[in-house]
Amino acid sequence: MPTSKVKDRLSKRERDLVAEIRILKSRLARFERAEHLASLDQQDVNRALHDSEQRAQALLNAIPDMMYRIRSDGTIIDFKAAPEQLLVPPDQVIGMNIMDTPVPQDLRERVLHAVVKAIETGQLQEFVCSLDMPAGSCIYENRYVKSGENEAVGIVRDVTASEQKHRQLVETLDEGIWQIDAEGCTTFANPKMAQMLGTTVEEMEGQHLFAFMDDEWAEEAKRKLDARQQGVIEQHEFTFRDKHGRAVDVLLSTSPILDEQGHYAGALASAADITQRKRAEERLAASEKKFRQITETIREVFWVGSGDWKEVHYVSPAYEEVWGRSCQSLYDRPLSWLEAVHEEDRQGVLALIGEKSRDAVRDPAFPEFRVVRSDGSVRWIFARAYPVPDERERTGR
């Protein structure tokens, strides 16, 4: 083979090798750059994760509530709480079962029931309880929510101060507050409620609802309690009997109380004393009855109307006998009585109506005038009008 051809082949091979080396170098550079970028991305991810964890921890530390994770069997697997919120040393909490904690048995069972139900249903479970702590009796709001396949998060908030303010408000209300359990026995009553019934809060506690009413109203109360058990919320009037047997009329606003399972656990009512109003209504009804007895038995026509004569509030049955028109026709058209006034007398009567409508009723008497009935008969009328002043001393009727 000629020397020149060999050289050409070698030269081409060298060029191919150089090209391959360049490609490899380019690929290596891209790989190194990608590895560097990946390293930077991972650093950013780690930094963001760390910042997120720091913010979450800061948020948890800022929340004063006690928080803990608990399994369905009652084992506590993590917690966050101040030492004064615990009844056991902090280093003993993790791994302890809620049933072994030094709190009352019924509260331990209540907590475990709420945890299990939160895990099974995925729904928030909550209740309020009281607990004796070293610093004194406290009231806690408990909430439990599912946080994993077999665990829940519990959040316990001290609401003692809030409850005390609420109790202070309830005890100073001018309305009675009365709470009963499912059997109808008193579990709470504020001082106003006890005052209405002529007794004390201490004497009311544990007393059955029926102890404050007679047999007739006890039957009504049974019907109302049946409605509470059906979830009915309503407002109605009721009559109790105080400690001395006196009737106490109240306006009740009532609603049912349900337990964690949604079952009826009692009822809560606010009571406004309406005894004086009821007595006033009874006196008014008696007065109106006497008024009607008088006006409906006299032969004279008696009516009550507005000061401008454009409205009739009441007219006695004698109107139909004297005018020969129905009472309803006068209610419907208050000035229709003028249509029956003799045409020769009508203008004079109209003039006096205008005068007496301007608070100038110095002389209550009308001049005598005639009324022509539908059958053509004529009745002579002697009428008088008396003003009834309103609260501003103006003629209202």
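Residues numbered from 1 in each chain as written. Predicted model: local features only at pLDDT ≥ 70, side-chain atom pairs only at ≥ 80, totals over all residues. Heavy atoms only, no water.

Lay out the overall build of the protein in plain terms, naming residues and giving numbers.
Each helix and strand in the protein was counted, giving 10 helices and 14 strands. Sorting the 397 residues of the protein into buried and exposed places 31% on the buried side. With the model as given, the accessible surface of the protein reaches about 26,100 Å², and the carbon-plus-sulfur share is 51%. (Helix = DSSP H or I, 4+ residues; strand = E, 2+ residues; numbered from the N terminus. Buried < 20%, exposed > 50% of the residue type's maximum accessible area, 1.4 Å probe, protein only. Areas by Shrake-Rupley, 256 points an atom, 1.4 Å probe, with all protein chains shown as cover.)

Let's hear about the side chain of Arg228: which residues, and what values?
The residue Arg228 is located in helix 6 (residues 215-229) in this model. For Arg228, a relative accessible area of 3% corresponds to the buried category.

Account for the sheet that holds strand 8 (residues 234-241), naming residues and giving values.
Strand order across the open sheet formed by five strands is 7-6-10-9-8, with antiparallel pairing between neighbours. Of all strands in the sheet, those bounded by a partner on one side alone are strand 7 (186-189) and strand 8. The average undirected angle you get between the axes of adjacent strands in this sheet is 30°. In this sheet, strand 7 lies alongside strand 6 (residues 176-181) in antiparallel orientation, the contact comprising three bridges. Along strand 7, the bridge assignment pairs Gln179 with Phe188. Against the sheet, helix 6 engages strand 6, strand 8, strand 9 (247-258) and strand 10 (264-273), with an angle of about 150° to strand 8. (Pairing = 2+ DSSP bridges. Axes fitted to C-alpha atoms, helices over the stretch in contact; angles between N-to-C directions. Contact = heavy atoms within 4.5 Å.)

Talk me through empty space enclosed by the protein; I want residue IDs and the actual numbers.
Applying the stated criterion to the full structure yields one cavity of 30 Å³ or more. Taken as a whole, the largest cavity encloses approximately 230 Å³ of empty space. Every residue lining the largest cavity is counted, 19 residues in all, and those nearest its centre are Leu209, Leu225, Leu252, Thr254 and Ala269. For the lining of the largest cavity, the elements supplying multiple residues, two or more each, are strand 6, helix 6, strand 8, strand 9 and strand 10. (1 Å grid on protein atoms, 1.4 Å probe; cavity = no way out; pocket = protein on both sides within 12 Å on 5 of 7 lines; lining within 4 Å. Points joined across faces, edges and corners; volume = space filled by probe spheres on them.)

Let's hear about the packing of aromatic side chains: which residues, and what values?
How two aromatic rings sit relative to each other is set out by the distance from centre to centre and by the angle between their planes. Within this structure, the stated rule accounts for 13 aromatic pairs. Their ring planes at 45° and their centres at 4.8 Å tell us that Phe238 and Phe240 sit as a pair that is tilted. The class of Phe240 is buried, set by a relative accessible area of 3%. (Phe/Tyr/Trp six-rings, centres within 6.5 Å; stacked < 30°, edge-to-face > 60°.)

Help me get a handle on the side chain of His236, residues and values and all.
You can see His236 is positioned in strand 8. Setting aside anything within four residues of it in sequence, one finds His236 in contact with Lys224, Arg228, Val250, Leu251, Leu252 and Thr254.

Explain the sheet that holds strand 5 (residues 151-158) residue by residue, including any values.
With antiparallel pairing, five strands are arranged side by side in an open sheet as 2-1-5-4-3. A strand with exactly one partner marks an edge of an open sheet, and here the two such strands are strand 2 (76-80) and strand 3 (125-133). Ignoring strand direction, the axes of neighbouring strands in this sheet form an average angle of 25°. For strand 1 (residues 66-71) and strand 2, the ladder comprises four bridges, and the chain directions are antiparallel. Bridge pairing in strand 2 links Ile70 to Ile76. Contacting strand 1, strand 3, strand 4 (136-148) and strand 5, helix 2 (residues 105-121) crosses the sheet at an angle of about 160° to strand 3.

Summarise the environment of Asp242; cite the residues concerned and give the values.
For Asp242, the position within the fold is in the loop between strand 8 and strand 9. Along the chain, Asp242 and Phe212 lie 30 residues apart, while their C-alpha atoms are 6.3 Å from each other. Non-local contacts of Asp242, meaning those with residues more than four positions away in its chain, are made with Met196, Leu197, Gly198 and Val248. Within polar-contact distance, the side chain of Asp242 engages the backbone nitrogen of Arg246 at 2.8 Å. (Polar contact = N/O pair within 3.5 Å; in protein donor to acceptor, adjacent residues only side chain to side chain.)

Account for the pattern of salt bridges, with residues named and values stated.
Pairing between side chains of opposite charge can happen when their charged atoms approach one another. Throughout the structure, instances matching the rule amount to 23 salt bridges. Here Glu237 and Arg277 are joined by a salt bridge, their closest N and O atoms 2.7 Å apart. With Glu237 in strand 8 and Arg277 in helix 7 (residues 275-295), this residue pair connects regions lying 40 residues apart in the sequence. The partly exposed category is assigned to Glu237, whose relative accessible area is 36%. Since its relative accessible area comes to 38%, Arg277 is described here as partly exposed. The shortest N-O distance in the salt bridge between Glu339 and Arg333 comes to 2.7 Å. Residues participating in the shared-partner salt-bridge network are Glu220, Arg223, Lys224, Arg228 and Glu234. (Salt bridge = Lys/Arg side-chain N within 4 Å of Asp/Glu carboxyl O.)

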